[in-house]
4 protein chains.
Amino acid sequence: MNFRTDLALERREYIDKHSIDGVISHKKTVSGITVDTITVTNSQGEKALGKPIGTYITVETVPFTNNSDLFSPSLYVLRDELKGLLPKGKGCVLVAGLGNEDITPDALGPRCISLLFATRHIPDELARDIGLSSLRPVAGIVPGVLGKTGMESSEIISGIAKKIEPSAVIVIDALAARSTERLGRTVQLSNTGISPGSGVGNHRQTINEETLGVPVIAIGVPTVVDGRTLAFDILEKAGVDESTIKSSDMKDSMMVTPKEVDALIERASRLIAMAINTALHPDMEGEDILAVVS
Amino acid sequence: MNFRTDLALERREYIDKHSIDGVISHKKTVSGITVDTITVTNSQGEKALGKPIGTYITVETVPFTNNSDLFSPSLYVLRDELKGLLPKGKGCVLVAGLGNEDITPDALGPRCISLLFATRHIPDELARDIGLSSLRPVAGIVPGVLGKTGMESSEIISGIAKKIEPSAVIVIDALAARSTERLGRTVQLSNTGISPGSGVGNHRQTINEETLGVPVIAIGVPTVVDGRTLAFDILEKAGVDESTIKSSDMKDSMMVTPKEVDALIERASRLIAMAINTALHPDMEGEDILAVVS
Amino acid sequence: MNFRTDLALERREYIDKHSIDGVISHKKTVSGITVDTITVTNSQGEKALGKPIGTYITVETVPFTNNSDLFSPSLYVLRDELKGLLPKGKGCVLVAGLGNEDITPDALGPRCISLLFATRHIPDELARDIGLSSLRPVAGIVPGVLGKTGMESSEIISGIAKKIEPSAVIVIDALAARSTERLGRTVQLSNTGISPGSGVGNHRQTINEETLGVPVIAIGVPTVVDGRTLAFDILEKAGVDESTIKSSDMKDSMMVTPKEVDALIERASRLIAMAINTALHPDMEGEDILAVVS
Amino acid sequence: MNFRTDLALERREYIDKHSIDGVISHKKTVSGITVDTITVTNSQGEKALGKPIGTYITVETVPFTNNSDLFSPSLYVLRDELKGLLPKGKGCVLVAGLGNEDITPDALGPRCISLLFATRHIPDELARDIGLSSLRPVAGIVPGVLGKTGMESSEIISGIAKKIEPSAVIVIDALAARSTERLGRTVQLSNTGISPGSGVGNHRQTINEETLGVPVIAIGVPTVVDGRTLAFDILEKAGVDESTIKSSDMKDSMMVTPKEVDALIERASRLIAMAINTALHPDMEGEDILAVVS
């Protein structure tokens, strides 16, 4: 592939011409929201799609830059898809917000954690004060970036996970897409964790059930297109032949983002944080959680 | 022109094939730093270059992302070129940092103001405490962005200028370049102020000597390439003919930045702020000013 | 007075023993919220209270640190009191957020502006898109602090006011209270503008109808107690006699804030910004405005 | 004790009337800087001082709010005292910056980490590029606050320490002092780690050699005085007798800070970060490290 994308959906489009053994697709519409589920079932599918065995759910929301209501169908569809990926029970969940707070399109993960309803430290007595028998324990961490911490996000998360023993881990990260049209209107959820080499930076090694010992749900929003990928895309659409493309200058160190990337990140963070909050605390009203975290 | 650039240098490259009446170019090397001066002398030059009559100085520094010493030739060359553009005397100077703090590549102006040595409020007695007879009065403002303030930067700056009556105004802004190679290694100074419609956003109307009544020096660093411009550039380099280019999808709402844009902005801001500080306070040591502002 | 306070209410308490000519008080309860209005009617009242002629409204809200709903009686009472102080009509309003963003208890003004619905730049056609014939023009400015800008907030605001000619100006600032019990549960509104020498810093000269030429509404929340004031308060309550107090070390350069000052500022900013937004845009739903600004 | 302080020095002052078994004091002056070392040698000393067995070094620097040169005697004295506390060798060091970034006086730890020269991820080949055979591996973490993460700082640090196995841990935190005169001019270093219940918040459980398995050096700067402590201090100095003091209102939820706390935190963070950086990388010039981290 002459491009880079973190979206299973975009990888499937590339290989879509004929059906592939080991890749099952399913599409549905819920409250006007398109939900596209790709399941990779064997190593043949893994190889074809370039993504590990597991489930990849793509939710196409209304563009995040719209001044739309937070408590919209997008939120509830996301919440329900996330619930479907989480293991049963009410065990502790560790949520990690990957990325670099100082680079706007990479700040998605850290911003989500700032809106997370962390509850692991709240005693049951306090929960009873607000009319609940107990609160599901939730913890949040912003691991930071390798250049600033000297540690991979995977090291920080696995160290903490060993200490607090969560029943599941959720990792949030900004993603790279192939197409600029997808930026700011897509959320990908998967149960395969996060593999290295994607997004804005390169701030991770594999974080998944194998490395952490518990289910790992990844939530991502495409916020950038790789400079090289955009260049390929433009040339391909213009009908330039492949050999010419290969020799061009490919803008390796560049990234492409919407000009309104700050508004996009702000709204995407609120949507994802609240989808997590409402999925983990089904007994609480969304408005009540929002009042606590903001 | 099928591209957008705020750099006079890049506009000249486009029309460079033959000499143009009204556009005078001069190139020199100072301490290993290339300084390219373009002077637009008449309306013919204005039309050819698409830039108003005046002087445009481009300083090619070492890449800002290098961990180089702040007190390097780049700083002193910039300082001296800025001095050459400033009116004589020791009158008050108002420095305005344009742009959006919340979008990393557009945060150059606001960051510079955070490192400005503002002195207009310091009485002469205090200046004498540090061994100077007086300090040149300097004021700084971050006008913010239209969407947040409801006002054009030009309105805010002209309102304040009328009130405090500076002898000159310096405006700092992030610029758009045509070529990704120029991002993070070029500073443009001019005595023509700033014209609308450039940079990351569209956060200004004309700010120049005509509108403010005093000389206006603009200092800019290219931090983005317009998505549409990049697309044209890529296609042109690949030899795609013009008619095909025009019909392509041109990524109007996208911008292209280096992946390390946060480090670039940080270092460019320090360099420009210190060039201004040392140009306006020639009696002080750079290190002493740096100690005050940081 | 051996203490410093920006609250008319606390000044009246000090002189409360007998009725004063020129100071009229009125207290009411609206939806469970106490609203205390002090009117200074002549120079005798001015002298007694140490506050200029005008109206001072103190709204005692539920503590800002409570996780209470934003759209509560507090919001609507504040909105209505603010409406009562604003001049009739739908002219442009300039809102200025005073204070220092880098010192938590002084960041109230800047935070409010970040949540202001600025509309002065929005054409009527866009307003019609959301079903309104027009939007009242609102502009917002964060003047910054003297040490960083070299300019008084009053200079910046009056320069801008002269340029954009608003029909009224609203200034928001953190206030100093005498009593720590008032921090985080009181909002003071007045039609007398802001006088120098209060709050956390000393970041202003007089900003009022006389200096700006249009009505100036001040909105403030006490977020600090002066170190010296606290010392006096403690000693007085302990029955220490006045001469001993005067000779003590009075902690002039210190300020006292609640330990949870960050949460207090966050919530107070949202409450005040939304009170302003809903007062200036009565045709819009509060929830719709909130969706736009956050 | 009727007050709260994190400074061993201030605890010793309280009990200073006669010599105590198990508490050894030593005072020296280096380059004009006072260095006061208290060693607690047995459980009797522990009980008398209320501090665990170990060494407490207090360095009295020039006030951090002075615009003094960073590369001053204060820096080198701090660096040398820190070197004395660190275990021999060139093993990995984990540096943790405790506290709440959103509350100015509590932001010391996080700010220090932003200026840390993290090197654990830098391969030896890169070190050789800058003329060194290798760089000592250094990692940094900002654990955040309990209310936002749901985890104690001690849990996060011990989880990470178990993962990356450092040879020593340095924890940085804002401290509470008894006396406002100490704010912004004192640094305390100790080899006893950090015990709960101090500083601005309550954001930690014990972090020491016993809990982490490696030496733990704590570095702290007093940035606040507890409201209750200030009240006691004021009353005691005014000669109020003890029984009266006990019944007064003691401002439990309040904290006292200098009005210029932002400048204090900024400068203290630079000083401490650079003391750590120069202690851990003795082969590098301070200026070169500063150029890398800022």
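Residues numbered from 1 in each chain as written. Chains lettered and ligands numbered in written order. Predicted model: local features only at pLDDT ≥ 70, side-chain atom pairs only at ≥ 80, totals over all residues. Heavy atoms only, no water.

Counting secondary structure elements, chain A contains 12 helices and 9 strands. Over its C-alpha atoms chain A spans a radius of gyration of 19 Å, differing by no more than 12% from the 19 Å that the globule rule assigns to 294 residues. Seen along its three principal axes, the alpha-carbon backbone of chain A occupies a region of about 70 × 40 × 40 Å. Residues counted as buried form 61% of the 294 residues belonging to chain A. Accessible surface for chain A amounts to roughly 11,100 Å². Of this, 47% is attributable to carbon and sulfur atoms. Each charge class in chain A was averaged separately, 30 positive and 38 negative side chains, and the resulting centres sit 2 Å apart. (Helix = DSSP H or I, 4+ residues; strand = E, 2+ residues; numbered from the N terminus. Rg over C-alpha atoms; globule rule 2.2 N^0.38 Å. Buried < 20%, exposed > 50% of the residue type's maximum accessible area, 1.4 Å probe, protein only. Areas by Shrake-Rupley, 256 points an atom, 1.4 Å probe, with all protein chains shown as cover. Lys, Arg positive; Asp, Glu negative; His and termini not counted. Charge placed at Lys NZ, Arg CZ, Asp CG, Glu CD.)

With that settled, consider the interface of chain B and chain C. Between chain B and chain C, the contact holds 24 residues from the first and 24 residues from the second. Carbon and sulfur atoms make up 57% of the surface buried where chain B meets chain C, a total of about 1,900 Å² over both sides. Three residues stand out in chain B for area buried against chain C, namely His121, Lys148 and Met151 of chain B, and they jointly supply 26% of the buried area on that side. Between arginine 120 of chain B and glutamate 155 of chain C there is a salt bridge, with its nearest N and O atoms 2.6 Å apart. In this structure, the connection of chain B to chain C is made through 10 residue pairs in polar contact (both at pLDDT 80 or more). (Contact = heavy atoms within 4.5 Å. Buried area = accessible area lost by both parts, 1.4 Å probe. Salt bridge = Lys/Arg side-chain N within 4 Å of Asp/Glu carboxyl O. Polar contact = N/O pair within 3.5 Å; in protein donor to acceptor, adjacent residues only side chain to side chain.)

Each copy of the sequence occupies a distinct position, and chain B is placed on chain C by a rotation of 180 degrees and an axial shift of 0.0 Å, giving an RMSD of 0.0 Å. Classification of the inter-copy transformation places it as that of a two-fold axis. In terms of C-alpha distance to the rotation axis, chain B has glycine 159 of chain B as its closest residue, with the C-alpha 2.2 Å off the axis. A symmetric contact is evident, with 100% of the interface residues of chain B recurring at the interface of chain C. (Least-squares fit on C-alpha atoms with pLDDT ≥ 70 in both.)

What follows concerns the interface of chain A and chain B. It is common to give the size of an interface as the accessible area that goes away when the parts come together. With 31 residues of chain A at the interface, the matching set in chain B holds 31 residues. Roughly 2,600 Å² is buried in total at the junction of chain A and chain B, and carbon and sulfur atoms are behind 60% of that figure. At the junction of chain A and chain B, the tally comes to 2 salt bridges. Close ionic contact of lysine 259 of chain B with aspartate 226 of chain A constitutes a salt bridge, the shortest N to O distance being 2.9 Å. Where chain A packs against chain B, one counts 9 residue pairs in polar contact (both at pLDDT 80 or more). Those elements giving two or more residues to the side of chain A that touches chain B turn out to be helix 9 (227-237), strand 9 (254-258) and helix 11 (261-280) of chain A. With 6 residues, the top contributor of residues to the side of chain A that touches chain B is helix 9 of chain A. Grouping the constituent residues of the side of chain A that touches chain B by class yields 14 nonpolar, 6 polar and 11 charged. Sheet topology note: the strand 9 of chain A/strand 9 (residues 254-258) of chain B ladder contains 5 bridges and is antiparallel. Looking across to strand 9 of chain B, one finds that methionine 255 of chain A is bridged to threonine 257 of chain B. (Nonpolar A, V, L, I, M, F, W, Y, C, P; charged D, E, K, R; others polar. Pairing = 2+ DSSP bridges.)

Moving on to a positive patch on the surface. On the surface, a cluster of positive charge is made up of Lys162 and Lys163 of chain A together with Lys162 and Lys163 of chain D. Going through the elements one at a time, helix 7 (153-164) of chain A together with helix 7 (153-164) of chain D are the ones with two or more residues in the positive patch. You can see lysine 163 of chain A is positioned in helix 7. Residue classification places lysine 163 of chain A among the partly exposed residues on the basis of a relative accessible area of 43%. (Patch = residues over 30% accessible without salt bridge, like charges linked within 9 Å, V, L, I, M, F, W, Y side chains within 5 Å.)

Attention now goes to the confidence of the model for chain A. On average, chain A scores 89 in pLDDT, and the residues at 70 or more come to 91%. We note a pTM of 0.92 for the whole complex and an ipTM of 0.92 for its interfaces. (pLDDT = per-residue confidence, 0-100.)

All right, on to the pattern of salt bridges then. Applying the stated criterion across every chain, the model contains 52 salt bridges over all chains. Of the charged contacts, one joins lysine 28 of chain B and glutamate 81 of chain B as a salt bridge, the two residues approaching to 3.0 Å between their closest N and O atoms. With lysine 28 of chain B in strand 1 (residues 23-30) and glutamate 81 of chain B in helix 3 (residues 73-85), this residue pair connects regions lying 53 residues apart in the sequence. The exposure class assigned to lysine 28 of chain B is partly exposed, which follows from its relative accessible area of 33%. A salt bridge links aspartate 80 of chain D to arginine 79 of chain D, with the nearest nitrogen and oxygen atoms 3.1 Å apart. Overall, aspartate 80 of chain D belongs to the partly exposed group, its relative accessible area being 39%. Each of Glu10, Glu13, Glu60 and Arg182 of chain A takes part in salt bridges that share partners, so that together they form one network.

A separate point is helix 9 (residues 227-237) of chain C. Residues and elements named next belong to chain C. Of all 11 residues making up helix 9, 8 are buried, and the element is well covered by its neighbours. Restricting attention to buried positions, one finds in helix 9 the residues Gly227, Thr229, Leu230, Ala231, Phe232, Asp233, Ile234 and Leu235. Between a side-chain oxygen at the N-terminus of helix 9 and the backbone nitrogen of arginine 228 the separation is 3.2 Å; the capping residue is aspartate 226.

Trans is the common state for peptide bonds, and a negative phi is the common state for residues other than glycine. Look at glutamate 165 of chain B: it is not a glycine, yet its phi comes out positive at around 50 degrees. By the element assignment, glutamate 165 of chain B lies in the loop between helix 7 (153-164) and strand 6 (168-177). A positive phi angle, near 50 degrees, is found at serine 31 of chain D, a position not held by glycine. Accessibility expressed as a relative area gives 55% for serine 31 of chain D, which makes it exposed.

The next subject is the side chain of histidine 281 of chain D. All names here are of chain D. With respect to the element layout, histidine 281 can be found in the loop between helix 11 (261-280) and helix 12 (286-293). Its relative accessible area of 4% is what places histidine 281 among the buried residues. Among all residues touching histidine 281, those that are not within four sequence positions of it are Phe117, Thr119, Leu135, Arg136, Val138 and Ile289.

Here the focus is the packing of helix 3 (residues 73-85) of chain D against helix 11 of chain D. All names here are of chain D. At their nearest, the axes of helix 3 and helix 11 sit 8 Å apart, and the two run at 55 degrees to each other. Here helix 11 runs oblique to helix 3, going by the angle between their axes. By crossing handedness, the relation of helix 3 to helix 11 is classed as right-handed. Taking contact as the criterion, the partners of Ser74, Leu75, Leu78, Arg79, Leu82 and Lys83 in helix 3 are, on helix 11, Leu271, Met274, Ala275, Ile276, Thr278 and Ala279. Taken together, the residues of the contact of helix 3 with helix 11 break down into 8 nonpolar, 2 polar and 2 charged. (Axes fitted to C-alpha atoms, helices over the stretch in contact; angles between N-to-C directions. Parallel < 35°, antiparallel > 145°, perpendicular 65-115°, else oblique. Left-handed = near helix turned anticlockwise from the far one by under 90°.)

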